[in-house]
Amino acid sequence: MAGPKFGSFKSENKGDSAAAAGAAAQRRDPYEVLGVGRNATEQEIKSAFRRMALKYHPDKNADDPVASDKFQEATFSYNILSDPDKRRQYDSSGFEAIEADSHELELDLSSLNTVNTMFAALFSKLGVPIKTTVSATVLEEALNGSVEISQLHLGKSVCKKVEKQTAHFYSVDITEEEAKLGLVCRVRSTSKSKFKLLYFEPEENGGLSLALQEDSAKTGKVTSAGMFFLGFPVYRFEDTNSAAAAKDPDSAFFKRLDGFQPCEVNELKEGTHYFAVYGDNFFKSATYTVEVVCAEPFAAEKEKLRSVEAEILAKRSELSKFESEYREVLAKFTEMTSRYAQEMQTIDELLNERNAIHASYTNSPTLKRSSSGGKERPSSKVSKSDDERSAKKEKKSKNPAMEAPVSDEEGPKKEKKPKDRVRRKKWFSIHHLKVDKRRPC
C-alpha cells in the first residue's frame, strides 16, 4: 500500500556531465523545499507535501509558471524523502547517489489536455509504465470535507462505476473486537479497469487527508487492489523493474524483490474509517466491486500470509548472496566459453595444416595442385582439356590420312552438316527448267 504521490512525467537530462553537475548544484535541499527537518517522520513529510501540492498544483495555477516550478520541485523532493532507500542515500552522499536524473515521477491525468492524454494512453498500451496520481481537485475536496460519503457495511460488496479522475468515498464502522481481529478492504474489476484504492484519515476540521494508496494490478482475468490491516506487519509489492528487465534481465531478477516493502499502517482502531475508489482510466469510466470484511473467518489465511511473507523476506536476503555467487560463476563461464571457441579454432587450423603437409608428399604436380585446395581443381581440368586439344591438332598435321577417322570420331554431327547442305542445293535446283526449253513450241 503505497503512500500518496504526486508528480509529472519522467525527467531526463541528456546533456553532458558538466551540465548535469551544474543542474545538481542548482537543486535545493529536499528538506528545505518541503520545510521539514532532517529528523522528520514519514507522516510529517507527507503532510508537508500535501500542503504544497494543493497550493501549487497546476489545476489551481494553470497560468502561473512559478507555481508550476514549485510544484515540480516539491514533487521531486517528496519522491526522494518518501523512499527510505533514496532518503538514506541522499543523506549520505547527496543527489549523485540517488541517480535523480533517471527517477520516475508520477502523472496527474487531470492536468493534461486531450492530446497528451492520448499519448500517455498509447505509451501505456505499448507497455511503457505510466504512473499516475490522484487529482488535486479530489484531494482538495476531501480536505475541505465537501465530498459525498456512502456507508459500506462489513461483509457486503458494492458494485459501481466511477468516472475517470473522480472518486467514490465510503465509510466503514468497526468495533474494538473487529479492529483486533483485523480488517481487509479489496476492490476488483472484471472489466480490467484501472483504479486506485485510497485510505483517508480524518482531520480536525472535519476533512479527510490521504494516508494510503494502492494501485490496481492485473491478477488473472481481473484487476484488483487490497489493503490488509491484520495487526502484524503486512507487505506490499510494487513490480517496477519491467523496463529494466528488457535491458538487463539478470539485474532485474536480483532486484525484483526490492519492491517488497512494509505497509505504513498495519492495524486500525475502533471507530469510523474512510476508503475511496479513484477512477484511473485514461478515457472511460471504471467499473468495480468493493468489499470490506472482518478477518475473523480467515484465521488460516492470516497465518499463511504471515508465513509466506516471511519466506519472501528470507528469499530477498538470500538473493543478495546468490547474486555475488552467480556473477562470479557467470564471469568464469563466459571466460570458459571464449576459451572453448578459441581452442576449437586452433585445433581446426592445426588439423588442416597437418592434412596439407601429408598431401605434399608426392612428385605428381597434378596431385599437388589438386591437394592444394578445391578452388584450384576447375583450373586444372581446363588445362587438361587444352592439352588434349593441342595434341589432336598436332596429330592431324603430321598424318593427313588419319583426318577422316578423326572426323568420324569427332561425332556424327560433322558428317550431317555437309549432307544437309547438299540436300538444300538439290532442293533449290532449276535443272528441270532447261528440259522444258527443249520442247517444241
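Please refer to the structure higher up on the page.
(A) Representation of the sheet that holds strand S2 (residues 158–162) in the model. Ordered in space as S2-S12-S4-S8-S7, the five strands form an open sheet in which the pairing is antiparallel. A single partner strand is all that each edge strand has here, and the edge strands are S2 and strand S7 (217–219). Averaged over all pairs of adjacent strands, the angle between strand axes in this sheet comes to 35°, irrespective of strand direction. Direction of pairing for S7 relative to strand S8 (residues 222–229): antiparallel, over a ladder of three bridges. Note on S8: the bridge partner recorded for Lys-218 is Thr-223.

(B) Molecular detail of the pairing of strand S4 (residues 183–189). Counting buried positions along S4 yields five of seven residues, so the element is predominantly enclosed. Where S4 lies against S8, seven bridges are found, and the strand directions are antiparallel. Directly across from Arg-186, in S8, lies its bridge partner Gly-226. Pairing geometry for S4 and strand S12 (residues 286–294), over six bridges, is antiparallel. Bridge pairing in S12 links Arg-186 to Glu-291.

(C) Representation of the pairing of strand S3 (residues 167–174) within the structure. Burial within S3 is extensive, with six of its eight residues counted as buried. Bridge count for S3 against strand S11 (residues 271–279) is eight bridges, and the pairing is antiparallel. The residue bridging His-168 from the neighbouring strand is Val-277, located in S11.

Criteria and thresholds
Residues numbered from 1 in each chain as written. Predicted model: local features only at pLDDT ≥ 70, side-chain atom pairs only at ≥ 80, totals over all residues. Heavy atoms only, no water. Pairing = 2+ DSSP bridges. Helix = DSSP H or I, 4+ residues; strand = E, 2+ residues; numbered from the N terminus. Axes fitted to C-alpha atoms, helices over the stretch in contact; angles between N-to-C directions. Buried < 20%, exposed > 50% of the residue type's maximum accessible area, 1.4 Å probe, protein only.

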